[in-house]
Structures are given as structure tokens and as C-alpha cells.
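# A structural walkthrough
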Amino acid sequence: MQNKNKSASNIGPLRKGDGTFTDDNKEMSEILRFQYNTVFTEPLNTLKINDPNEFFLNVTPTSNYISDVTLSSLDLEVAIDSMLMHSAPGPDSWNSVFIKKCKIPFSQALNIFWRRSLNTEVIPDILKTAEIAPLHTRGSKTDAKHYRPIAVTSHITWNHNRYITSPNMGSEQGTPASHSC
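All figures in this text were calculated on a predicted structure; none of them were measured in a lab.

## Digging into the environment of Ser73
Positionally, Ser73 belongs in helix α3 (residues 73-81). The class for Ser73 is buried, based on a relative accessible area of 15%. Along the backbone, Ser73 and Asn111 are 38 residues apart, and their C-alpha atoms lie at a distance of 5.7 Å. Here Asn111 takes part through its side chain, which lies 3.1 Å from a polar atom of the side chain of Ser73.

Right, here's the structure in full:
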């Protein structure tokens, strides 16, 4: 059976520091990791959040924050519709084709899942994880500097974020969701 998942990557061979080429996956991942590290910047220490509990301790009702989100299966279906059919699955391995073809029951289950997650303030670690994948931008495919890193996240998280940030959040009830920003 042929794999129809488009997440497979055709990277390599890549040029090593000494000018030779490698198609060894481990060596190529190290070459790309080194390249990515040279272009990432560290945030200023004054802007880092070292203790999230302390940082959010001073949130008051007059602060700009979301106090609650009214979830809607219908709005989650709209978010699912906006997914690309063959986008690569994230670390949780949920396939976009499956999600789109089963969107009604999936959106209902997702609605229950996210409501429980928001109520308990617990999000599974796998949904807070991303895989970094190389995306060729231009030039020679053997040169690591011609790839940029992209974060491949869970479709479950992506749909939730898409729903939360949509301008029509909560439109199923005909009014904006109960939140204050």
C-alpha cells in the first residue's frame, strides 16, 4: 500500500562543513540543527517569563485577558474546513484527511475535549509539542542555509487556535463568545 501522507521529506544529500556530502539522516539533522541555531535569537532576559505562576499572579478583571471561551462544534467544523487536506500530521499523528472526512463527530468530540481541558486547566503535553521540519526556500538543496525551520504542530491544537482566534468566535449562538479582551 502506497503511503499518501505528504509529510515525508526528500532532504539531502547535504554538504558538510568539510565540503563533502552526506545522506545519513542523523548527520543531516545535525547539519540542519546547527544551521537553525545560528539564525535563532535569544529573547532579552528582561522579556523572559521564568515563572508563569508569578507572571500571571497579577491578572485582574480589568486586565486584558480571556476569562472564558464558549465552544461550539459548528465553529470547530468551520476551523476544520479551513485545514489543508494533506497537511503533515504533528507529533500526535492525527491525519488531516481523517479529521476532515469525519469532521462532524470529530468536532463534537473536540468540543468536549477542549471544554474539559479549559475547565481543568490541563492540556496534554503532546498538544503543546511541535516538530521542526526543514522547508526548502531557494538555491541549492545541498546547502543547509537554504532551508528554514517550520514548526509542525498538532491538528487538534491548530484547530483550537484557529477557532479561538477567529473573528466569529461563538457565532453559533449568534453573539460573540463570552470573553473579555
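Okay, back to it.
## Topic: the side chain of Ser96
Residue placement: Ser96 occurs in helix α4 (residues 96-101). Note on Ser96: relative accessible area 2%, which makes it buried. Looking at Ser96, its side chain comes within polar contact range of the main-chain oxygen of Ser87, at 3.4 Å. Among all residues touching Ser96, those that are not within four sequence positions of it are Met83, Leu84, Met85, His86, Ser87 and His155.

## Observations regarding the packing of aromatic side chains
Under the counting rule described, the total for this entry stands at four aromatic pairs. A ring pair is formed by Phe113 and Trp114, whose centres lie 5.0 Å apart and whose planes are at 75°; its orientation type is edge-to-face. Residue Trp114 is classed as buried on the basis of its relative accessible area of 3%. Put simply, the rings of Trp94, Phe98 and Phe106 pair up and form one aromatic cluster.

## What to know about the pattern of salt bridges
A side chain of one charge can pair with a side chain of the opposite charge if their charged atoms are brought near each other. Applying the stated criterion to the full structure yields four salt bridges. Here Arg33 ties to Glu30 by a salt bridge, and the two come within 2.8 Å at their closest N and O atoms. You can see Arg33 and its partner Glu30 sitting in helix α1 (residues 25-39), three residues apart, about one turn around the helix. A relative accessible area of 40% places Glu30 in the partly exposed class.

Rules and cut-offs
- Residues numbered from 1 in each chain as written.
- Predicted model: local features only at pLDDT ≥ 70, side-chain atom pairs only at ≥ 80, totals over all residues.
- Heavy atoms only, no water.
- Helix = DSSP H or I, 4+ residues; strand = E, 2+ residues; numbered from the N terminus.
- Buried < 20%, exposed > 50% of the residue type's maximum accessible area, 1.4 Å probe, protein only.
- Polar contact = N/O pair within 3.5 Å; in protein donor to acceptor, adjacent residues only side chain to side chain.
- Contact = heavy atoms within 4.5 Å.
- Phe/Tyr/Trp six-rings, centres within 6.5 Å; stacked < 30°, edge-to-face > 60°.
- Salt bridge = Lys/Arg side-chain N within 4 Å of Asp/Glu carboxyl O.

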